[in-house]
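Descriptive analysis of the structure
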Amino acid sequence: MNDLMSLGIHRYWKSQFVRALPLKPQARILDVAGGTGDIAFKILESYPYLNPSVTVCDLTPNMIEVGRSRALDRGHITQLEWACGNAECLPFADEQYDIYTISFGMRNVTHLSKALAEAYRVLKPGGYFVCLEFSQVQLPLLEKIYNAYSFNILPCLGEIVAKDRDSYQYLVESIRRFPTQSQFADLLKSTGFVDVDWKNFMAGVSCIHSARKK
Ligand SMILES: C[S@@+](CC[C@H](N)C(=O)[O-])C[C@H]1O[C@@H](n2cnc3c(N)ncnc32)[C@H](O)[C@@H]1O
């Protein structure tokens with residue numbers, strides 16, 4: 001469905017997201033809402049020479065189960081850990097990670113301020129927060145086309161292909177409810193992050209937010 005909905009563009013966004021990570025040798029990365037491991041695999045496969053390790057944390061045990069078996073198929077046995085946990089209450093000690101990543105997961109969190117405070121807590125001082133998420137389209141004409149697609153075509157695709165119209169209706173609504181680029185940047189600043197920045201893709205259809213813990 002992701003490939004169909006985005007015509008495969010989500011793969012490009014995820015590649016750009018992983019390329020944007022400020023990785024140092026032996027970096028410890030926490031990928032929250034990591035699903036079945038897409039981002040973790042891309043990190044391990046893009047930076048083998050830096051020998052990073054990734055902990056994938058997701059709320060849904062089934063996602064983790066599928067992720068573990070995908071990891072075995074791809075030969076990722078070491079350097080990868082899996083944990084079941086909520087972004088709002090992470091099951092990790094303070095100041096453990098160099099980078100916190102979250103890709104298309106922040107939108108699902110109920111209390112953003114709790115999730116951001118948790119991201120801040122588990123990062124080492126100087127550690128980076130990097131988030132890929134749908135965002136607000138900044139070009140009025142593109143926004144019209146995007147809205148027409150999202151509200152009319154997407155839920156129908158969900159119904160026909162995934163036999164699940166409601167989930168795709170939820171997807172569209174959750175994107176509209178998510179803070180705009182500047183609102184999310186303000187939330188990061190109020191959590192205590194510095195060097196807060198963002199980069200839009202397709203005029204804001206999706207966006208990479210980045211920040212650093214002092
Ligand atoms: C759209 S998927 C994204 C998966 C992956 N990060 C990617 O980009 O392919 C969203 C994931 O967020 C997880 N999730 C939803 N709410 C969460 C929460 N509060 N804490 C942690 N994970 C959550 C879901 O289980 C799901 O795996």
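If you're wondering where the values come from, they're calculated on a predicted model, not measured in any experiment.

**Focus on the domain arrangement of the protein chain**
Domain annotation for the protein chain reports domain 1 (2-135 + 178-212) and domain 2 (138-177). A straight line from the C-alpha centre of domain 1 to that of domain 2 covers 23 Å. Contact residues are listed per partner, giving 13 residues for domain 1 and 15 residues for domain 2. Taken together, the two surfaces of domain 1 and domain 2 that pack against each other cover about 1200 Å², and 61% of this comes from carbon and sulfur. For the domain 1 face of the interface with domain 2, the top three residues by lost area are Met5, Arg107 and Phe178, together amounting to 45%.

**Brief notes about the site of the ligand**
Around the ligand, the structure places 15 residues, and the nearest of them are Lys14, Ala33, Asp58, Thr60 and Ser103. Here a nitrogen atom of the ligand and a backbone polar atom of Ala33 are 2.8 Å apart. Backbone polar atom of Ala87 to a nitrogen atom of the ligand: 2.8 Å apart, as the coordinates give it.

**Let's talk about unusual backbone geometry**
Even without a glycine there, the phi angle at Lys163 is positive, about 55°. Positionally, Lys163 belongs in the loop between helix H6 (140-161) and helix H7 (165-177). Of the residues examined, Lys163 reaches a relative accessible area of 68% and is grouped as exposed. Residue Ala203 is not a glycine yet carries a positive backbone phi of 55°. Within the fold, Ala203 resides in the loop between strand E6 (194-201) and strand E7 (206-212). Given the relative accessible area of 24%, Ala203 is considered partly exposed.

**Considering the packing of aromatic side chains**
Under the criterion given, the structure shown has 12 aromatic pairs. Between Phe41 and Trp82 the ring centres are 6.4 Å apart and the planes differ by 65°, which places this aromatic pair in the edge-to-face class. Of this pair, Phe41 sits in helix H3 (residues 38-46) while Trp82 is found in strand E3 (residues 80-84), placing the two residues 41 residues apart along the sequence. Residue Phe41 is classed as buried on the basis of its relative accessible area of 1%. Residue classification places Trp82 among the buried positions, given a relative accessible area of 13%. Relative to Phe193, the ring of Tyr120 lies with its centre 5.0 Å away and its plane at 80°, an arrangement referred to as edge-to-face. Placement of Tyr120 in helix H5 (residues 112-122) and of Phe193 in the loop between helix H8 (181-191) and E6 is noted, with a sequence separation of 73 residues between them. Under the relative-accessibility criterion, Tyr120 is labelled partly exposed at 21%. Take Phe193: its relative accessible area is 3%, and that puts it in the buried class.

**Considerations on the sheet that holds E3**
The sheet built from 7 strands is open, its strands ordered E3-E2-E1-E4-E5-E7-E6 with mixed pairing. Since the sheet does not close on itself, it has two edges, and those belong to E3 and E6, each with one partner. Strand-to-strand twist across the sheet, computed as the mean angle between neighbouring axes with direction ignored, equals 15°. Sheet analysis places E6 next to E7, joined by 6 bridges and oriented antiparallel. Bridge assignment links Val194 to a residue of E7, and that residue is Arg212. Helix H4 (residues 61-74) rests against strand E2 (53-58) and E3 of the sheet, and its axis sits at about 165° to E3.

Analysis parameters
- Residues numbered from 1 in each chain as written.
- Predicted model: local features only at pLDDT ≥ 70, side-chain atom pairs only at ≥ 80, totals over all residues.
- Heavy atoms only, no water.
- Domains from an automatic or database assignment.
- Contact = heavy atoms within 4.5 Å.
- Buried area = accessible area lost by both parts, 1.4 Å probe.
- Near = heavy atom within 4 Å.
- Polar contact = N/O pair within 3.5 Å; in protein donor to acceptor, adjacent residues only side chain to side chain.
- Helix = DSSP H or I, 4+ residues; strand = E, 2+ residues; numbered from the N terminus.
- Buried < 20%, exposed > 50% of the residue type's maximum accessible area, 1.4 Å probe, protein only.
- Phe/Tyr/Trp six-rings, centres within 6.5 Å; stacked < 30°, edge-to-face > 60°.
- Pairing = 2+ DSSP bridges.
- Axes fitted to C-alpha atoms, helices over the stretch in contact; angles between N-to-C directions.

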